[in-house]
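Analysis of the macromolecular model
Below, each chain spelled out in residue letters.
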Amino acid sequence: MVLAWVLAGKYMPLIASEMVAAAFLHDLARTHDAACHEHGRWSVQEYLPRWRKTLELAGVRDFLMVRYLVAN
């Protein structure tokens, strides 16, 4: 998440909030440390709705982008 914040701030400042939000949400649905290609999609389904209001307050505006970044 910190790396996403640093890189987005330097190279993509217009979408920095979305990048940090995606980094935060992406691994929340992980259930183990082995390879898993579904945890991003699960995080979108389970955690994005729970955190949406907080992320809006943190400056996130483009939730379609966040959904895409988290799922992929």
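What you see is a predicted model; the values in this text were computed from it and never measured.

1. What to know about the packing of helix H1 (residues 2–11) against helix H2 (residues 16–26)
- Direction vectors running N to C along H1 and H2 enclose 160 degrees, while the axes themselves pass 9 Å from each other. Classified by the interaxial angle, the pair formed by H1 and H2 is roughly antiparallel. Helix-helix and strand crossings are classified by hand; for H1 and H2 the assignment is right-handed. Residues Ala-4, Trp-5, Ala-8 and Gly-9 of H1 lie in contact with H2, whose contacting residues are Ala-16, Met-19, Val-20 and Ala-23.
- For the contact of H1 with H2, the class distribution of residues is 7 nonpolar, 1 polar and no charged.

2. Section: the pattern of salt bridges
- Under the defined criterion, the tally for this structure stands at 4 salt bridges.
- Glu-38 serves as the salt-bridge partner of Arg-41, at 2.6 Å between the closest nitrogen and oxygen.
- On the basis of relative accessible area, Glu-38 is assigned to the partly exposed category, the value being 32%.

3. Some details on helix H5 (residues 63–71)
- Among the residues of H5, Phe-63, Val-66 and Val-70 are the ones counted as buried. Buried residues in H5, looked at end-on, bunch into an arc of 50 degrees, giving them a common side. In H5, the exposed residues that point more than 90 degrees away from the buried face are Leu-64 and Tyr-68.
- Buried residues along H5 sit against H2, helix H3 (39–46) and helix H4 (48–57).
- Between the side-chain oxygen at the start of H5 and the backbone nitrogen of Leu-64 there is a gap of 3.3 Å, and the oxygen is on Asp-62.

Definitions and cut-offs
Residues numbered from 1 in each chain as written. Predicted model: local features only at pLDDT ≥ 70, side-chain atom pairs only at ≥ 80, totals over all residues. Heavy atoms only, no water. Axes fitted to C-alpha atoms, helices over the stretch in contact; angles between N-to-C directions. Helix = DSSP H or I, 4+ residues; strand = E, 2+ residues; numbered from the N terminus. Parallel < 35°, antiparallel > 145°, perpendicular 65-115°, else oblique. Left-handed = near helix turned anticlockwise from the far one by under 90°. Contact = heavy atoms within 4.5 Å. Nonpolar A, V, L, I, M, F, W, Y, C, P; charged D, E, K, R; others polar. Salt bridge = Lys/Arg side-chain N within 4 Å of Asp/Glu carboxyl O. Buried < 20%, exposed > 50% of the residue type's maximum accessible area, 1.4 Å probe, protein only. Arc of directions from axis to C-beta. Polar contact = N/O pair within 3.5 Å; in protein donor to acceptor, adjacent residues only side chain to side chain.

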